[in-house]
Amino acid sequence: MNAPQNRSDLPFAWPELGLRRVPYAVFTDPAIYQLEQERIFRGPTWNYVALEAELPNPHDYVSTFIGDTPVVVTRDGEGALHAWVNRCAHRGALVCRDLRGNTQTHTCVYHQWAYDTSGALIGVPFRKGLGGKGGYPADFDMAEHPLRPLRVASRRGVVFASFAEDGPGFEEYLGDTMLGNIDRVMHKPIEVIGYSRQYVHANWKLYAENTRDSYHAMLLHLFYPTFGIARPAQKVAIEMNEARYHNLFTVWQPSGKESMDTYKQHTTRAIQGGQDALESPQFLRYINERGDDICITIESLFPNSVFQHIQNGMAVRQIRPTAVDQFELYWTYFGYADDSEEMRAHRLRQANMLGPAGLIAMEDAEAGEIIQRAVSDGSNEQSFVEMGGYGTENLYDISGTDENSIRGFWQGYRDLMGF
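Residues numbered from 1 in each chain as written. Predicted model: local features only at pLDDT ≥ 70, side-chain atom pairs only at ≥ 80, totals over all residues. Heavy atoms only, no water.

Asker: Go over the overall build of the protein chain, please, and point to the residues and values.
Answerer: Within the protein chain one finds nine helices and 19 strands. With 419 residues in all, the protein chain has 56% of them scored as buried. The contacts in the protein chain between residues at least 6 apart in sequence include a share of 65% that link residues at least 24 apart. Of the roughly 18600 Å² that the protein chain leaves accessible, carbon and sulfur atoms contribute 49%. (Helix = DSSP H or I, 4+ residues; strand = E, 2+ residues; numbered from the N terminus. Buried < 20%, exposed > 50% of the residue type's maximum accessible area, 1.4 Å probe, protein only. Contact = heavy atoms within 4.5 Å. Areas by Shrake-Rupley, 256 points an atom, 1.4 Å probe, with all protein chains shown as cover.)

Asker: Give a description of the packing of helix α3 (residues 204-211) against helix α8 (residues 362-375) that names residues and reports values.
Answerer: As a packed pair, α3 and α8 sit with axes 9 Å apart at the nearest point and diverge in direction by 130°. The orientation of α3 with respect to α8, classified from their angle, is oblique. In the crossing of α3 with α8, the sense of the turn from one axis to the other is right-handed. Here α3 contributes Leu206, Tyr207 and Asn210 to the contact with α8, which in turn contributes Asp364, Gly368, Ile371 and Gln372. Looking at side-chain class alone, the contact of α3 with α8 contains three nonpolar, three polar and one charged residues. (Axes fitted to C-alpha atoms, helices over the stretch in contact; angles between N-to-C directions. Parallel < 35°, antiparallel > 145°, perpendicular 65-115°, else oblique. Left-handed = near helix turned anticlockwise from the far one by under 90°. Nonpolar A, V, L, I, M, F, W, Y, C, P; charged D, E, K, R; others polar.)

Asker: Help me get a handle on the pattern of salt bridges, residues and values and all.
Answerer: Using the criterion set out here, one finds 17 salt bridges in the structure. Measuring nitrogen to oxygen at the nearest pair gives 3.4 Å for the salt bridge that ties aspartate 183 to arginine 156. Placement of aspartate 183 in helix α2 (residues 170-185) and of arginine 156 in the loop between β10 (151-155) and β11 (158-162) is noted, with a sequence separation of 27 residues between them. One connected set of salt bridges, linked through shared partners, spans Arg155, Arg156, Glu171 and Asp183. (Salt bridge = Lys/Arg side-chain N within 4 Å of Asp/Glu carboxyl O.)

Asker: Any chance you could break down the nonpolar core for me, citing the residues and the numbers?
Answerer: If you look at the biggest cluster of nonpolar residues, it comprises 92 residues, and the most contacted ones within it are Phe160, Leu174, Trp410 and Tyr413. When residues no more than four places from it in sequence are discounted, the contact partners of tyrosine 413 are Trp14, Val26, Ile32, Glu36, Ile40, Lys205, Phe302 and Phe419. Val95, Cys108, Tyr115 and Met142 belong to the second-largest nonpolar core, a separate cluster that totals 14 residues. (Core = buried A, V, L, I, M, F, W, Y, C linked by side-chain atoms within 4.5 Å.)

Asker: Please provide a residue-by-residue account of the sheet that holds β11, values included.
Answerer: Pairing within the open sheet is antiparallel, and its three strands lie in the order β2-β11-β10. Where the open sheet ends on each side, the last strands, each with one partner, are β2 (47-51) and β10. The sheet shows a mean angle of 30° between the axes of neighbouring strands, direction not considered. Where β10 and β11 come together, five bridges link them in antiparallel fashion. Within the sheet, the bridge partner assigned to serine 154 lies in β11 and is valine 159. (Pairing = 2+ DSSP bridges.)

Asker: Tell me about the pairing of strand β5 (residues 81-85), and name the residues and values.
Answerer: Burial of β5 is extensive: four of the five residues sit out of reach of the surface. Of the pairings in the sheet, the one linking strand β4 (residues 69-75) to β5 comprises five bridges and is antiparallel in character. Pairing of valine 73 across the sheet is with alanine 83, part of β5. Here β4 folds back onto β5, and the loop between the two strands holds five residues, one of which, glycine 79, carries a positive phi near 95°.

Asker: So what about the pairing of β2? Which residues, and what values?
Answerer: Counted residue by residue, β2 has five buried out of five residues, so it is predominantly covered. Alignment of β2 against β11, held across four bridges, turns out to be antiparallel. When the sheet's bridge partners are listed, asparagine 47 is paired in β11 with alanine 161.

Asker: Describe the state of the cysteines, listing the residues and the values that go with them.
Answerer: This structure, assessed with the given rule, holds zero disulfides. Cysteine cysteine 108 is unpaired, with the sulfur of cysteine 88 as its nearest cysteine sulfur at 4.0 Å. Judged by relative accessible area, which is 2%, cysteine 108 ranks as buried. (Disulfide = S-S within 2.5 Å.)

Asker: Just give me the short version of α2, but keep the residues and values in it.
Answerer: Between its first and last C-alpha atoms α2 spans 18 Å; for 16 residues at 1.5 Å apiece the expected length is 22 Å, and the helix comes up short by more than 12%. Along α2, the largest kink reaches about 85° and is centred on aspartate 176. Residues of α2 that are buried include every one of Phe170, Tyr173, Leu174, Gly175, Met178, Leu179, Asn181, Ile182, Asp183, Arg184 and Val185, and no others. (Expected span 1.5 Å × (residues − 1). Bend = angle between axes of the 7 residues up to and from the residue.)

So, in structure tokens, the structure goes:
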């Protein structure tokens with residue numbers, strides 16, 4: 001997995017202090033952005049692309065992105081999954097222009113080249129010309145002009161794709177801890193209950209840092225401590241894969257004995273209220289569905305997805321970079337196919353904590369944007385990443401006041417990019 005170190009084609013060198021410093025140029029340099037598309041998104045990684053629940057029938061399809069490359073995920077007539085780059089093999093036009101649908105044939109509107117659900121070319125107009133004139137050479141072979149196929153893997157109905165033909169296998173790439181959490185959350189068939197999307201004017205890696213930043217939740221998102229969803233001294237675990245770029249943040253349900261006094265003594269922000277201050281306290285009701293007392297998991301999978309379970313609300317967030325200073329965040333909310341009407345309504349209520357205007361999540365986009373605005377002046381400065389020390393160890397404690405998983409992200413990023 002590791003790329004050669006200190007590649008000469010990188011536009012700058014990493015600071016000598018290593019993971020303890022992050023040069024602001026990685027968030028602002030267009031050359032770095034282009035290299036990321038090549039070495040990360042189209043490199044030896046596996047990217048989340050869809051949920052099988054979005055493709056329940058033969059010939060269903062979903063259009064999406066890996067990095068800034070348009071991709072389509074399909075199910076063929078036999079039920080097998082495929083993924084291909086959404087770019088006609090003829091002149092490069094988008095073939096699929098809808099978000100989702102069902103069709104046996106995908107036809108490019110420009111010159112009517114037609115492809116089946118696997119991406120194989122099955123039809124070309126005027127192949128032999130017209131009236132004995134024009135057309136393609138006699139050795140033209142449609143089998144040599146498919147849409148670019150991607151490797152596809154599915155785990156518990158979660159679909160991933162990879163550009164790398166000889167890269168690591170899917171299970172090797174995710175590792176046991178990350179696979180285990182997917183198995184835990186997706187332990188039975190799911191149903192999609194909604195979508196939302198937002199455009200964030202910040203570099204995509206600022207959001208990757210944010211989802212691995214365990215202690216900002218109690219500082220930035222005052223909804224958490226104000227209404228008791230997360231409290232100081234409750235049980236927390238922070239786990240990464242061996243390469244350190246995946247991260248799983250797990251929080252267990254507060255026992256009720258944790259006090260807010262410690263929090264108030266160590267922060268500059270005032271906390272007021274509590275669940276009694278809500279006119280509809282059922283909004284925060286926690287139903288221990290799996291019997292494990294886990295009330296929050298945030299699983300950040302490098303490079304493009306975050307799987308979240310907060311109380312009884314569940315969603316996957318897909319990061320879609322569009323420019324060095326902008327990305328789209330695409331949210332897919334889900335529940336279980338056998339949910340009662342009451343549970344489905346409860347999940348939909350709790351979805352209001354998430355998404356672009358979520359009572360919890362709305363601050364994250366703004367956090368990235370205010371960093372982007374502040375670091376885009378071209379100055380050769382660096383961020384300071386020393387909370388919890390200098391390492392990238394997994395943590396099984398009750399504090400969560402560290403930046404180990406942020407340093408872990410940068411360790412994996414640097415290896416792939418060649419810093």
